[in-house]
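Below are the chains, spelled out letter by letter.
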Amino acid sequence: IQAEHLLETWNEYMIDLRIIQWLDQYDLSLSVAANVLSFWGHETIEKLTEDPYRLLAFLTWIDVDRIALTKFNIGKFDPRRQAAAIEQICYQHYDKGNTAVEYDNMVEGLRELLGNDLNPIDATYDIWKDRVCQFTDEGIFQLAGAYTSERYVESQMARRLSCNQSRMYTSP
């Protein structure tokens, strides 16, 4: 049983080592590579091959965009790039205390991040709608967590207000 455990541990180590070596070709530091591996485990290669912009959880936009464009050969007009830029802008606003980004501010932010390499926002909707951003009926972008939280608070307040109003009009 000890030999089986040792062999199993060795095999896990070899898989992790192979993934770390794969990440090394993208100029990631060992600490970032270890965090990436810790997060996605044996799915790391698949996840990053599907969308290298997932590295935004660990690196800056400038670093991830450089890696995606030069090492993963992502095109400047690739919808994954714009989707990641939309997400990045939402997080930039969130870090400043804003839970929503108006459409015009999003377009301005996209121009800052992507320059002229910009697709119309609606052309990439199918890509970014499945990420962490929502586009609301009010014409604003929100991180999914903020959107969900605010809709919940809104519904609870509406429910409580309607309960209070019905109590106001009933006779004792």
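Report follows, based on the coordinates.

Rules behind the numbers
- Residues numbered from 1 in each chain as written.
- Predicted model: local features only at pLDDT ≥ 70, side-chain atom pairs only at ≥ 80, totals over all residues.
- Heavy atoms only, no water.
- Axes fitted to C-alpha atoms, helices over the stretch in contact; angles between N-to-C directions.
- Helix = DSSP H or I, 4+ residues; strand = E, 2+ residues; numbered from the N terminus.
- Left-handed = near helix turned anticlockwise from the far one by under 90°.
- Contact = heavy atoms within 4.5 Å.
- Nonpolar A, V, L, I, M, F, W, Y, C, P; charged D, E, K, R; others polar.
- Buried < 20%, exposed > 50% of the residue type's maximum accessible area, 1.4 Å probe, protein only.
- Core = buried A, V, L, I, M, F, W, Y, C linked by side-chain atoms within 4.5 Å.
- Pairing = 2+ DSSP bridges.
- Phe/Tyr/Trp six-rings, centres within 6.5 Å; stacked < 30°, edge-to-face > 60°.

Below, the discussion takes up the packing of helix 5 (residues 79-95) against helix 6 (residues 103-114). Taken N-terminus to C-terminus, the directions of helix 5 and helix 6 make an angle of 115°; their axes are 9 Å apart at the nearest point. Between helix 5 and helix 6 lies a crossing of right-handed hand. Contacts from Arg81, Gln82, Ala85, Ile86, Gln88, Ile89, Cys90, Gln92 and His93 of helix 5 reach helix 6 at Asn105, Met106, Gly109, Leu110, Leu113 and Leu114. Its residues assigned to classes, the contact of helix 5 with helix 6 comprises eight nonpolar, six polar and one charged.

With that settled, consider unusual backbone geometry. Phi at Asp27 takes a positive value of approximately 60°, unusual for a residue other than glycine. Structurally, Asp27 is set in the loop between helix 1 (2-24) and helix 2 (30-40). If you check the backbone angles, Asn73 has positive phi at about 55° while not being a glycine. Relative to the helices and strands, Asn73 is located in the loop between helix 4 (61-70) and helix 5. Among the residues examined, Asn73 registers a relative accessible area of 62% and is labelled exposed.

Looking now at the environment of Phe72. With respect to the helices, strands and loops of the structure, Phe72 is situated in the loop between helix 4 and helix 5. Assessed through its relative accessible area of 15%, Phe72 is described here as buried. Once the C-alpha coordinates of Phe72 and Pro52 are considered, the two residues, 20 residues apart in sequence, prove to be 7.2 Å apart. Not counting residues up to four positions away in its chain, the partners in contact with Phe72 are Trp22, Tyr26, Leu48, Thr49, Pro52 and Ile67.

The biggest cluster of nonpolar side chains holds 37 residues, and the ones touching the most others in it are Leu23, Leu28, Leu48, Leu55, Trp61, Met106 and Leu110. Among the elements of the structure, helix 1, helix 2, helix 4, helix 5, helix 6 and strand 3 (140-143) are those that each provide at least two residues to this core. Sequence-distant contacts of Met106, defined by excluding residues within four places in its chain, comprise Ile86, Ile89, Cys90, Val101, Ile121 and Phe141.

Turning our eyes to something else, we now look at the sheet that holds strand 3. Within a sheet, neighbouring strands are paired by backbone hydrogen bonds and run either parallel or antiparallel to one another. Spatially, three strands are ordered 1-3-2 in an open sheet, and the strand pairing comes out antiparallel. Every interior strand has two partners, whereas the edge strands, strand 1 (101-102) and strand 2 (133-135), have only one. In the sheet, strand 1 pairs with strand 3 via two bridges, with the strands oriented antiparallel. Residue pairing for strand 3: Val101 is matched across the bridge by Phe141. Of the strands in this sheet, strand 1, strand 2 and strand 3 are in contact with helix 5, which crosses strand 3 at around 80°.

Applying the stated criterion across every chain yields a total of eight aromatic pairs. Considering the side-chain rings of Tyr103 and Phe141, the 6.3 Å spacing of their centres and the 25° angle between planes classify their relative orientation as stacked. With a gap of 38 residues between them, Tyr103 in helix 6 and Phe141 in strand 3 connect regions that are remote in the sequence. You can call Tyr103 partly exposed: its relative accessible area is 36%. Aromatic ring contacts, followed pair by pair, group Trp22, Tyr26 and Phe72 into a single cluster.

Here the focus is the pairing of strand 3. By the alternation rule, side chains of strand 3 split into Ile140 and Gln142 and Phe141 and Leu143, which are all buried. Two elements, strand 2 and strand 3, share three bridges in a ladder whose sense is antiparallel. Its bridge partner being in strand 3, Cys133 is matched across the sheet by Leu143. Taking the residues that link successive antiparallel strands as the turn, the strand 2-strand 3 hairpin has four residues, and the phi of Gly139 there is positive, at about 80°.

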